[in-house]
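Coordinate analysis (summary)
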Amino acid sequence: MGSRFGAIALGFAGCLAFAAPASAQSAADKETARTLMDQGNDLRDHGDLKGALTRFVGANQIMHVPTTALEVAKTQVALGQLVEARDTLAQIISSVPPPREPQQFREARADAQTLDASLEARVPTVTVTVAGAKDGATPSLSIDDVAVPAAVIGLPRRLDPGHHVMVATTSTQEGRAELDVAEGEKKDVTITLATVAKPVALAPKAPEHETPPPPPEAHRSYALPIAFFSIGGASLILGGITGALMLSQ
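Below: a short report on this structure. (Residues numbered from 1 in each chain as written. Predicted model: local features only at pLDDT ≥ 70, side-chain atom pairs only at ≥ 80, totals over all residues. Heavy atoms only, no water.)

**Remarks on the sheet that holds strand 2 (residues 140–143)**
Put simply, the rule is: A strand pair is defined by DSSP finding two or more bridges across the two strands. By the criteria applied, helices consist of DSSP H or I runs no shorter than four residues and strands consist of E runs no shorter than two, each listed in order from the N terminus.
In space, the five strands of this open sheet follow the order 3-2-5-6-8, with antiparallel pairing throughout. The open sheet has two free edges, formed respectively by strand 3 (146–148) and strand 8 (194–195), since each of these has just one partner strand. Two strands pair when backbone bridges link them, and strand 2 and strand 3 are joined in this way by three bridges, in the antiparallel orientation. Bridge pairing links L141 to V148 in strand 3.

In structure tokens:
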């Protein structure tokens, strides 16, 4: 399997002059693409689909030819990425074949059309309706965190199989729904909006009272000590005079 894929890679590299200008890719680019294609094929054979897809995408980014893009689409289908696979296939189908296109490329185009036709009925369809919006409010819708244009809300939308999360919002309302959808299913979902509780506005916190500064220290009154001192001094003077008179007698 790996050698067959390597041969295809060598084939499209050798016929590159028919698909793109000769200067489009360098020799190193071509060798890298060949290696990535072989690695992707080997990883896919061993069940590592994600690793294989990374290699195929890398090779296709270098070469941009139907053979590399077809392997990207096949691996996307194996991973359940049906919407992405159809987009990749559309790029192959819509591209204009160059003059004298190599046989490998013509076969890849035909295989792309066949694969795309088989996916048409396998891609699930989900119709999401938003209800309960207030007068004058235009809901916004996202599916798996991807915004959906307002004009297509309520219209059928193609999705990959699997689990999906849908959120609808307005400035004051919100609604949410989750569902699982299988290949080929068609489902209708209604999201009912509910008013989002606004956070309670907290009253401004009163500033904490600062500890009042101690009252200014009262001015000490020196009147009473001075009075006592004056009285005491006068008593001493009077006592001294009385003593002197007694001694003189």
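**Some thoughts on the pairing of strand 5 (residues 162–169)**
When strand 2 meets strand 5, the two strands line up antiparallel, connected through four bridges. Bridged to S140 within strand 5 is T169. Between the antiparallel neighbours strand 5 and strand 6 (residues 173–181) lie three residues.

**Thoughts on the sheet that holds strand 7 (residues 186–192)**
Under the convention used in this document: Here, axes are lines fitted to C-alpha atoms. For helices the fit covers the stretch in contact, and angles between N-to-C directions go from 0 to 180 degrees.
One open sheet holds the three strands; their spatial order is 4-1-7, and the pairing between them is mixed. One side of each edge strand has no neighbouring strand; the edge strands of this open sheet are strand 4 (156–158) and strand 7. The sheet shows a mean angle of 30 degrees between the axes of neighbouring strands, taken without regard to direction. Bridge count between strand 1 (residues 125–131) and strand 7: seven bridges; the pairing is parallel. Counterpart to T129 in the pairing with strand 7 is T190.

**Side note on helix 4 (residues 49–63)**
Heads up, the condition is: Expected span of a helix, by definition, is 1.5 Å for each gap between consecutive residues, and there is one gap fewer than residues. For the exposure calls, accessible area comes from a 1.4 Å probe over protein chains only, and a residue counts as buried if that area is under 20% of its type's maximum, exposed if over 50%, partly exposed in between. We define a polar contact as two N or O atoms separated by no more than 3.5 Å, with the added condition that, inside protein, one atom must be a possible hydrogen donor and the other a possible acceptor, whereas residues neighbouring each other in sequence contribute only through side-chain atom pairs.
Here helix 4 is 15 residues long and its end C-alpha atoms lie 21 Å apart, about the 21 Å a rise of 1.5 Å per residue gives. All of the buried residues along helix 4 are G51, A52, L53, F56, A59, N60, I62 and M63. Backbone nitrogen of G51 and a side-chain oxygen of the N-cap are separated by 3.0 Å at the start of helix 4; the cap is D48. Following helix 4 by one or two positions, H64 has its phi on the positive side, about 55 degrees.

**Quick word on the nonpolar core**
Here is the rule: Joining through side-chain atoms within 4.5 Å is the link that ties buried Ala, Val, Leu, Ile, Met, Phe, Trp, Tyr and Cys residues into a set, and such a set is a nonpolar core. The criterion used for residue contact is that any of the two residues' heavy atoms lie within 4.5 Å.
Ranked by size, the top nonpolar core spans 15 residues in total, and within it V126, V128, L141, I143, M166, V189 and I191 carry the most contacts. Broken down by secondary-structure element, the contributors of at least two residues to this core are strand 1, strand 2, strand 5, strand 6 and strand 7. Setting aside residues up to four positions removed in sequence, V128 forms contacts with L141, I143, I153, G154, M166, V189 and I191. In this structure, I92, A108, A112 and V123 belong to the second largest nonpolar core, which totals 13 residues.

**A word on the packing of helix 6 (residues 82–94) against helix 7 (residues 103–119)**
Rules: Each crossing gets its hand from how the near helix is turned against the far one by less than a right angle, where anticlockwise is left-handed and clockwise is right-handed. Nonpolar residues are Ala, Val, Leu, Ile, Met, Phe, Trp, Tyr, Cys and Pro. Charged residues are Asp, Glu, Lys and Arg, and all others, Gly as well, are polar.
For the pair helix 6 and helix 7, the least separation of the axes is 9 Å and the interaxial angle reads 145 degrees. Here the hand of the crossing between helix 6 and helix 7 comes out left-handed. Mapping the contact onto sequence places L82, A85, R86, L89, I92 and I93 in helix 6 and R109, A112, Q113, L115, D116 and L119 in helix 7. Considered class by class, the residues forming the contact of helix 6 with helix 7 number eight nonpolar, one polar and three charged.

**Some details on unusual backbone geometry**
Here the phi dihedral of H64 falls at roughly 55 degrees; this positive angle occurs in a residue that is not glycine. Position of H64 among the secondary structure elements: in the loop between helix 4 and helix 5 (66–78). A relative accessible area of 55% means that H64 is categorised as exposed. The backbone of D144 shows a phi angle near 55 degrees, a positive value even though the residue is not glycine. Along the polypeptide, D144 turns up in the loop between strand 2 and strand 3.

All we've got here are geometric facts, nothing functional implied.
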